[in-house]
Amino acid sequence: MAAPKAEEISHPPMDQLQGLEYCIDSNPSWGEAIFLGFQHYILALGTAVMIPTFLVPLMGGSDVHWYSFLHDCDQNDKVRVVQTLLFVEGINTFLQTLFGTRLPTVVGGSWAFIVPIISIIHDPSLAGIPDPHSRFLNTMRAIQGALIVASSVQIILGYSQLWAIFSRFFSPVESYNFHSRISFATIGLHQLPMNFLSGGAVRGNWCSYAFLVCCLLSGHVWASTYSPLTTPSILGFNLFPLLQKKKNWLSLTSPVFVQYLKHFQTKQLPILERFALLISITVIWAYAHLLTASGAYKYRPELTQNNCRTDRANLISSAPWIKIPYPLQWGAPTFDAGHAFGMMAAVLVSLIESTGAYKAASRLASATPPPAHVLSRGIGWQGIGILLDGLFGTVTGSTVSVENVGLLGSTRVGSRRVIQISAGFMIFFSILGKFGALFASIPFTIFAAVYCVLFGLVASVGLSFLQFTNMNSMRNLFIIGVSFFLGLSIPEYFREYTAAALHGPAHTNAGWFNDFLNTIFLSSPTVALIVAVFLDNTLEFKDSARDRGMPWWAKFRTFKGDSRNEEFYTLPFNLNRFFPPS
């Protein structure tokens, strides 16, 4: 038998990911684009509802319809916050795709801000207010003030091009850590305040959860790399023992969806691949509603009912028909130096996580890696977005939605127009409260299943950057291994310590110092980046340029280094004349 040829056992590195139907500046038909945009909007609802659901009750805000009746008011605090968050998400997404990096990224609420926000909520001057609604308003104003001040960090780093200068120290080794750690960090930060996702809520509706994962895997280009038995273990549990029961037959449908139906087409449109998320969420949502209406959850634990029933969101009945969010709607923000300094740590974490998400989005949109100037420009606009969060009162800051980046690869559509349409849906349904609340009532367990697939997809994008490095180099193996392990273990230690002691490992008399350290070290991308950048730029860095992938990386460090950058990242309306790339 003849020896295999070199081209038969290896694959040449590729600047742009192949196999996508539509790249960043090519667009599907308007009808298909509208449905795809609506799919991104539905996915963005998960975080937009989860964060207010967790934070608003802690702040003293109302969460039930009868509260409004007893207090003679026509508003539900949680509903207003969800509407405001979605409204600002739509604005920030549109600004980012038009004037920022111009990548197809949804800019949504961030879990990275949870630590400083909870610290503000437990501030004695706010926690001691007896009236719940007054406490909610005062806490919201304190959060607004901290966000407004902290937003200056990203605005300055972005528009001064300081982040562009710093990003020149990155190599494909750090880019790998960016992407892989982002998914783990997002899962971990979801897990910290929302442990019910991996507890009774999922177990009470495990059948729909497993089936949804199977549906999502249908039509995936990467479907064969996933298993419905192993994927849910990401959130801390395993469904394998449940498959032994007879009623778990739905989980066995995955081979059909994964192996055969991904090529199903209607009028040359791969329906199950393009709209897998929309179809599966609709089916399982209807299934959950059927279980709710039939009384299947009647004798289940309260935690399971709250997170699996379709009538427990308290959104539709209390949402106004029309409500336009506006700046300072909660009153004038209040400012405190300690609150603002702690929030700055979250802004730095958001900056790092968004940088990795931008690189992942460029890969999944079949574009070249964004040059340093474009990255810095995007961070500047993200700072503007956090400023808008503070002015409108969204209860949290902004970052790039990792799950929506994963959806680009899932659908194989990286079109910028699709994301801009989704931004229009966010603004439209945030104003028409009743209709938006209908979609926002999707149980959280459905989103948990979605995240299992999409986060893993984004993490795998990070692995693809290692094709430009020498993985036979012990130096690279050492840096990647150490940063990988520390990026997982240190944040996990901080999470477990916080869950057990109800405060972070940093616990001094200076609250701002505690918030800063706990926020930084709870972020896997931040820890991994610090370790990887330090090692990569100090350990034999002069003699290892080729092993690090720098000859390939060099042309993407400047805007004019590659002719394709102008096609993907040039500002619209000929604005490059006034804001030339540095």
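Under an unreviewed UniProt entry, the name given to the chain is Nucleobase-ascorbate transporter 2, and the source organism is Escallonia herrerae. Under the UniProt heading Subcellular location (unreviewed entry), the entry covering the chain gives this text: "Membrane".

A. Just the overall build of the chain, in detail. When helices and strands are counted, the chain shows 27 helices and two strands. Within the chain, contacts between residues at least 6 apart in sequence are counted, and of these 84% link residues at least 24 apart. Counting only carbon and sulfur atoms, one obtains 66% of the accessible surface of the chain, whose full area is about 23,100 Å².

B. Region of the structure containing the packing of aromatic side chains. Taken as a whole and judged by the stated rule, the model has 30 aromatic pairs. Note on Trp163 and Phe170: the rings are 6.0 Å apart at their centroids and 70° apart in plane angle, and the pair reads as edge-to-face. Both residues of the pair, Trp163 and Phe170, belong to the buried class. The structure contains a cluster of three or more aromatic residues connected by ring pairs, namely Phe38, Tyr41, Phe425, Phe428 and Phe429. A cation sits over an aromatic face here: Arg80 above Trp330, 4.3 Å from the ring centre. Its end group placed over the ring of Phe465, Arg363 keeps NZ or CZ at 5.8 Å from the ring centre.

C. How the structure looks around helix H7 (residues 132–159). Helix length check: H7, at 28 residues, gives a terminal C-alpha distance of 40 Å against a target of 40 Å (1.5 Å per residue), a fit within 8%. Within two residues after H7, Gln161 carries a phi angle of roughly 70°, on the positive side.

D. Structural detail: the nonpolar core. Core analysis: the largest hydrophobic core is formed by 99 residues, its most contacted members being Tyr41, Ile42, Leu55 and Phe113. No other element matches the 16 residues that helix H2 (residues 30–59) contributes to this core. Residues within four places of Ile42 in sequence aside, it is in contact with Leu278, Ile281, Phe439, Ile442 and Phe447. Counting residues in each nonpolar core, the second largest holds nine residues, with Leu95, Phe99, Leu388 and Leu575 among its members.

E. Inspection of unusual backbone geometry at higher detail. In this structure, Arg102 is a non-glycine residue whose phi angle is positive, near 70°. Along the chain, the position of Arg102 falls in the loop between helix H4 (77–99) and strand S1 (107–109). Residue Arg102 is classed as buried on the basis of its relative accessible area of 11%. The residue Arg412 is not glycine, and still its phi comes out positive at about 60°. Counting through the fold element by element, Arg412 comes out in the loop between helix H18 (402–411) and helix H19 (416–431). Arg412 gets classed as buried once you look at its relative accessible area, which sits at 17%.

F. Highlighting a nonpolar patch on the surface. Among the surface-exposed residues, Trp321, Ile322, Ile324 and Phe435 lie close enough to one another that they form a single nonpolar patch of about 480 Å² accessible area. Secondary-structure assignment places Phe435 in helix H20 (residues 433–440). Residue class for Phe435 comes out partly exposed when judged on its relative accessible area of 43%.

G. Looking closely at the packing of H2 against H20. Where H2 meets H20, the axes come as close as 9 Å, and the angle between the chain directions of the two elements is 80°. Judged by the angle between their axes, H2 and H20 are roughly perpendicular. Contacts between H2 and H20 involve Phe38, Tyr41, Ile42, Leu45 and Val49 from the first element and Gly436, Phe439 and Ala440 from the second. Its residues assigned to classes, the contact of H2 with H20 shows seven nonpolar, one polar and no charged.

H. Local environment of the confidence of the model for the chain. This prediction gives the chain a mean pLDDT of 80; 80% of its residues lie at or above 70. Every residue in residues 194–256 is under pLDDT 50, and counting partners more than four places away or in other chains gives 135 contacts.

I. Quick look at H4. Look at H4: 32 Å from first C-alpha to last across 23 residues, which is about the 33 Å you get at 1.5 Å a residue. Counting buried positions along H4 gives 21 out of 23 residues, so the element sits mostly inside the fold. Where H4 begins, one side-chain oxygen reaches toward the backbone nitrogen of Lys78, 2.9 Å away; that side chain belongs to Asn76.

J. Expanded view of the pattern of salt bridges. Applying the stated rule across the entire model yields five salt bridges. Asp536 is the partner of Arg475 in a salt bridge, and the nearest nitrogen-oxygen pair spans 2.8 Å. One end of the pair, Arg475, is in helix H22 (residues 474–501); the other, Asp536, is in helix H24 (residues 524–536), and 61 residues separate them in sequence. Arg475 gets classed as buried once you look at its relative accessible area, which sits at 6%. Three or more residues joined by partner-sharing salt bridges are found here, namely Arg475, Asp536 and Arg548.

K. The side chain of Ser544, seen in detail. Looking at the element boundaries, Ser544 is found in the loop between H24 and helix H25 (545–548). Polar side-chain contacts of Ser544 include one of 2.7 Å to the backbone oxygen of Glu540.

L. Geometry of the packing of H2 against H7. Relative orientation of the contacting elements H2 and H7 amounts to 120°, with a least axis distance of 8 Å. By the angle between their directions, the pair H2 and H7 is classed as oblique. Contacts between H2 and H7 involve Val56, Leu58 and Met59 from the first element and Pro132, Arg135, Phe136, Thr139, Met140 and Ile143 from the second. Partitioned by chemical class, the residues of the contact of H2 with H7 number seven nonpolar, one polar and one charged.

About the cut-offs
Per chain, the residues get numbers from 1 upward, laid out in the order the sequence is written. In keeping with the model being predicted, local features are shown solely for residues with a pLDDT of at least 70 and side-chain atom pairs are shown and tallied solely at 80 or more, while totals for entire chains, interfaces and linings include all residues. To obtain the side-chain values, all non-hydrogen atoms of the structure were included, while hydrogens and water were left out. UniProt positions are given in the numbering used here, feature names are shortened, and annotations may be inferred rather than shown by experiment. What counts as a helix is a DSSP run of H or I of at least four residues, what counts as a strand is a run of E of at least two, and both are numbered from the N terminus. For this analysis, residues touch if any pair of their heavy atoms sits within 4.5 Å. Each accessible area is a Shrake-Rupley result for a 1.4 Å probe, and residues are judged covered by the shown protein chains and nothing else. Between the rings of Phe, Tyr and Trp (Trp by its six-membered ring), a pair exists once the centres lie within 6.5 Å; its type follows the angle of the planes, with under 30 degrees stacked, over 60 edge-to-face, and the other angles tilted. Each residue's exposure class comes from its accessible area (1.4 Å probe, protein chains only) as a fraction of the maximum for that residue type: buried when under 20%, exposed when over 50%, partly exposed otherwise. Here, a charge over a ring is recorded when the distance from Lys NZ or Arg CZ to the ring centre is within 6 Å and its angle to the ring normal is within 35 degrees. What a helix is expected to span follows from its residue count: subtract one and scale by 1.5 Å. By nonpolar core we mean a set of buried residues, namely Ala, Val, Leu, Ile, Met, Phe, Trp, Tyr and Cys, connected to one another through side-chain atoms within 4.5 Å. In this analysis, a patch consists of residues with relative accessible area above 30% that form no salt bridge, clustered at 9 Å for like charges and at 5 Å for the nonpolar side chains Val, Leu, Ile, Met, Phe, Trp and Tyr. When a carboxyl oxygen of Asp or Glu is within 4 Å of a side-chain nitrogen of Lys or Arg, the pair counts as a salt bridge. Axis lines are fitted to C-alpha atoms, over the contacting stretch for helices. Their N-to-C directions set the angle, which ranges from 0 to 180 degrees. Comment on the angle field: the value is read as roughly parallel under 35 degrees, roughly antiparallel over 145, roughly perpendicular from 65 to 115, and oblique elsewhere. Any residue outside Ala, Val, Leu, Ile, Met, Phe, Trp, Tyr, Cys, Pro, Asp, Glu, Lys and Arg is labelled polar, Gly included; the first ten of those are nonpolar and the last four are charged. Residue-level confidence of the predictor is what pLDDT reports, using numbers from 0 through 100. Any pair of nitrogen or oxygen atoms within 3.5 Å is treated as a polar contact; in protein, a donor-acceptor pairing is required on top of that, and neighbouring residues in sequence qualify only through side-chain atoms on both sides.

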